[in-house]
Each structure stands twice: as structure tokens, then as C-alpha cells.
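Structure assessment
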Amino acid sequence: MTVIRLALLASLLLATPAFAQQASGDKAAETPDAAVVEEKPAPYDERLERLSEIIGAVHYLRNLCTDKAEDGWRASMQRLIEMEAGSEPKRQEKLTAAFNRGYRSFAAIYTACTDSAVVAEQRYRNEGATLATEITARFGN
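Keep in mind it's a predicted model, so treat the numbers as computed, not measured.

**Quick notes on the layout of surface pockets**
Taken as a whole, the largest pocket holds about 270 Å³ of empty space. Together, twelve residues line the largest pocket, and Leu48, Leu80, Glu84, Ile135 and Thr136 are the ones closest to its centre. Secondary structure elements with two or more residues in the lining of the largest pocket: α2 (45-65), α3 (72-85) and α5 (115-139). The greatest single-element share of the lining of the largest pocket, amounting to four residues, is contributed by α5. For the lining of the largest pocket, the class distribution of residues is eight nonpolar, three polar and one charged.

Listed below in C-alpha cells is the structure:
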């Protein structure tokens, strides 16, 4: 029995550094894998970013030119982000940045509703509708 205990103790002592190295190696292996998770862009991401930019512009212009504040465009954009990039932070950031870029581009130009702001909003809505139709027709299920 003493020989069995000594053999067991010896095997544990010899194996302990290996377990320690393996454990530290596992942590090192897990961290890069988690960080290396590659987010592959969808083939329609450029179009989706353009659509996000259009939605941001329309959101600003609609609120500028209507008496009653509308939050429907922002809510639509949030749903789009959740559906398209819910678990992909980089894609979420790109879509959010595109929305904000569209919003800010018109906020820098228009501080009051003008005829040209109304025309721009109509044109952007038409472009957005066309783009959404193209994306769903080509890439939708």
C-alpha cells in the first residue's frame, strides 16, 4: 500500500507542472480565440451602411420639417441594427456611425425647414426605399 501511495504521489508531483502549464496555456489560448473571432462582412454591408446613412438623414429632416417630433426612423434603425448585427459589435458600430453621419450631414446644413430640405427628404426616402427593395430582392430569403 505504501508503494501505491508513493507511486500515486510521484505521479501527481510530476504531473502538477504539466497541469499548471496546461491551465495557463488554456487561458492564453482562450483569450486570443475570443479576440480573434472574425466578423466577416455580409455581401450587402456597403448597401446597408448607405441605407443607415439615409435613415439618419431622413430622421433629421422629418423632425426638422414636421411640427410633431417623430422617433420612428430612429426606432427602425435600432431594429435594423439588432436584426442585422445583433451579436457583431463592429457591424453595429459601422451601422450606427453611418446613421449618425447621415443625421449630422444635414444638421450641419439645415437649421430650419426649407423647400430644399423637403425635396432632400423626399429624395432620400425614395433612394432608401429603392435600396431596401434591392437588398431584400437580391440577398433576402
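**Section: the state of the cysteines**
Considering all chains together, one arrives at one disulfide under this definition. Note on cysteine connectivity: Cys65 is disulfide-linked to Cys113, with sulfurs 2.1 Å apart. Classification of the bridge connecting Cys65 and Cys113 rests on its S-S torsion, roughly 105 degrees, and on that basis the disulfide is right-handed. In this pair, Cys65 is assigned in helix α2 and Cys113 in the loop between α4 (89-107) and α5, connecting sequence segments 48 residues apart.

**Considering α2**
With 21 residues, α2 extends 30 Å between its outermost C-alpha atoms, agreeing within 8% with the 30 Å of an ideal straight helix rising 1.5 Å per residue. Along its buried surface, α2 packs onto α3, α4 and α5.

**A look at the pattern of salt bridges**
Pairing of side chains with opposite charge becomes possible as their charged atoms draw close. Going through the model one piece at a time under the given rule, you end up with ten salt bridges. When the shortest N-O distance is used, the salt bridge between Arg62 and Glu121 registers 3.5 Å. Residue Arg62 is located in helix α2, and its partner Glu121 is located in helix α5; the two are separated by 59 residues in the primary sequence. Here Glu88 ties to Arg91 by a salt bridge, and the two come within 3.1 Å at their closest N and O atoms. Assessed through its relative accessible area of 18%, Glu88 is described here as buried.

**Some details on the nonpolar core**
By size, the foremost hydrophobic cluster in this structure holds 15 residues, and its most contacted members are Leu48, Leu51, Ile55, Met77, Leu80, Leu95 and Ile135. Every element with two or more residues in this core is listed here: α2, α3, α4 and α5. Considering every element that reaches this core, the biggest residue donor is α2, with five residues. Here Leu51 is in contact with Leu80, Gly128, Leu131, Ala132 and Ile135, once residues within four sequence places are set aside.

**Considerations on the packing of α2 against α5**
α5 packs onto α2 with a crossing angle of 150 degrees between their chain directions and a minimal axis gap of 9 Å. When the interaxial angle is binned, α2 and α5 end up roughly antiparallel. Note that α2 runs across α5; the crossing there is left-handed. Here the contact of α2 with α5 is built from residues that sort into 15 nonpolar, one polar and seven charged.

Calculation criteria
- Residues numbered from 1 in each chain as written.
- Predicted model: local features only at pLDDT ≥ 70, side-chain atom pairs only at ≥ 80, totals over all residues.
- Heavy atoms only, no water.
- 1 Å grid on protein atoms, 1.4 Å probe; cavity = no way out; pocket = protein on both sides within 12 Å on 5 of 7 lines; lining within 4 Å.
- Points joined across faces, edges and corners; volume = space filled by probe spheres on them.
- Helix = DSSP H or I, 4+ residues; strand = E, 2+ residues; numbered from the N terminus.
- Nonpolar A, V, L, I, M, F, W, Y, C, P; charged D, E, K, R; others polar.
- Disulfide = S-S within 2.5 Å.
- Expected span 1.5 Å × (residues − 1).
- Contact = heavy atoms within 4.5 Å.
- Salt bridge = Lys/Arg side-chain N within 4 Å of Asp/Glu carboxyl O.
- Buried < 20%, exposed > 50% of the residue type's maximum accessible area, 1.4 Å probe, protein only.
- Core = buried A, V, L, I, M, F, W, Y, C linked by side-chain atoms within 4.5 Å.
- Axes fitted to C-alpha atoms, helices over the stretch in contact; angles between N-to-C directions.
- Parallel < 35°, antiparallel > 145°, perpendicular 65-115°, else oblique.
- Left-handed = near helix turned anticlockwise from the far one by under 90°.

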